[in-house]
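Here's the letter readout for the chains.
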Amino acid sequence: MTDGEPNATGVLDSISNSTRVGILRALADAHSDSLTDPWLAYTELQEVVGIPDNGNFNYHLDRLGDLVVKGSPGYRLSRIGMSVVSAISSGVFDTERTWGPIDAPGHCRRCDDALQLRYEDGILWLTCGTDEHSVPLSIPPSLLESHPEGSEEEIVERIAFLENRWGSLTRRGICSECQGYVEGRIETIPEEPEQYHYHGHCRRCGFHHGIPVGMFLASHPAVTSFYYDRGVDVMTTPFWTLEFCTPGRETVLSTDPLRLGVEVNSEDETLSLTLNRDGTVVSTAT
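Here we summarise the structure given alongside this text.

**Remarks on the sheet that holds strand E9 (residues 208–212)**
For step 1, the next point in the chain: As summarised here, the arrangement of the three strands in space is E7-E8-E9, forming an open sheet in which the pairing is antiparallel. Pairing within the sheet leaves two strands with one partner each, and these edge strands are strand E7 (182–189) and E9. Between one strand axis and the next, the sheet turns through 25° on average, direction left out of account.
For step 2, the next point in the chain: Judged from the eight bridges that link them, E7 and strand E8 (residues 192–202) form a sheet pairing that is antiparallel. Paired with Glu 183 across the bridge in E8 is His 201.
For step 3, the next point in the chain: The sheet strands contacting helix H7 (residues 152–171) are E7, E8 and E9, and the helix crosses E9 at an angle near 110°.

Structure, rendered in structure tokens:
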């Protein structure tokens, strides 16, 4: 194992068998049923999992290693085991899972057609029906399927919050995928040299974060308070419906040093922000 890189091989091997996943699920259910007493006795756990052969059951139980804690009351999930169950329960590993489509607010910024949200191939797509216009969103199936029943508008608000939270984390140098350190700066988009975005790179997991300049600023205190004072929670507002989040809406104020201007509008009022190359807002004005 190299410095800073977790050795996940053993964990991945531990969950490569349906019986071992069943053991983890049974212990997770026990934890859910009784937070103060999350233990299952050996015979109780064996019965729940449905493996009568002691040798076979012991083999799989032993292979779970540090994902399970053994004590005098029996067995319970470790903190690592709980994280593994949470990841499995999110549905991100189920490539066959589908959801939707449901109608989404706003219109496609490339063709002005109506939008829908559809989950397939491990991605939530914001789409007008044309593949080249579709935008991938980092939303797990668990948010789409397991929250209390509500209107499609409420689901869209939750999606919007997670997407805006992604921008907030990136702006603070935190990777939304592994919580590692993100190093980034404002750069032009290779396919659109007249447009800028914030490009962040997490060297821990390797994830690249590319965010339109407006969306990068959506969670900035000046922006959230500007909208809050006007009765709008911008963090639950879909970024694709906010004009200032449209790619290319920024204005180049200077190139050396780089200064970009972004105007946030609400009714007849405007908040102007200026940011530098590393994405820091250096001035605001209303």
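That shown, we press on.
**Re the layout of surface pockets**
For step 1, the next point in the chain: The space that makes up the largest pocket amounts to roughly 1200 Å³.
For step 2, the next point in the chain: Ala 87, Val 92, Ser 176, Glu 177 and Cys 178 are the residues nearest the centre of the largest pocket, which is lined by 34 residues in total.
For step 3, the next point in the chain: Among the elements of the structure, helix H1 (9–14), helix H5 (79–89), strand E6 (135–137) and H7 are those that each provide at least two residues to the lining of the largest pocket.
For step 4, the next point in the chain: A class-by-class count of the residues in the lining of the largest pocket yields 22 nonpolar, eight polar and four charged.
For step 5, the next point in the chain: Approximately 960 Å³ is the volume found for the second largest pocket.
For step 6, the next point in the chain: Tallied by class, the residues present in the lining of the second largest pocket amount to 17 nonpolar, nine polar and seven charged.

The rules behind these values
- In this numbering scheme, every chain counts its residues from 1 along its sequence in written order.
- For a predicted model such as this one, the threshold for reporting local features is a pLDDT of at least 70, and the threshold for listing and counting side-chain atom pairs is 80 or more; totals across whole chains, interfaces and linings nevertheless cover every residue.
- Hydrogens and waters are ignored; side-chain quantities use all the structure's heavy atoms.
- At least two DSSP bridges between two strands are needed for those strands to be called paired.
- Counting from the N terminus, the helices are DSSP H or I runs at least four residues long and the strands are E runs at least two residues long.
- For helices, the fitted axis covers only the stretch in contact; all axes are lines through C-alpha atoms, and the angles between them, taken along N-to-C directions, range from 0 to 180 degrees.
- Pairs of residues are marked as contacts when any of their non-hydrogen atoms sit within 4.5 Å.
- Residues are said to line a cavity or pocket when one of their atoms sits within 4 Å of a point; the points come from a 1 Å grid over protein atoms alone, cavities being sets where a 1.4 Å probe fits but cannot get out and pockets being open sets with protein on both sides within 12 Å along at least five of seven lines.
- Grid points are joined across faces, edges and corners, and a volume is the space filled by probe spheres set on the points.
- Residues were grouped as follows: Ala, Val, Leu, Ile, Met, Phe, Trp, Tyr, Cys and Pro as nonpolar; Asp, Glu, Lys and Arg as charged; and all remaining residues, including Gly, as polar.

Keep in mind that these numbers describe shape and distance, not what the molecule does.
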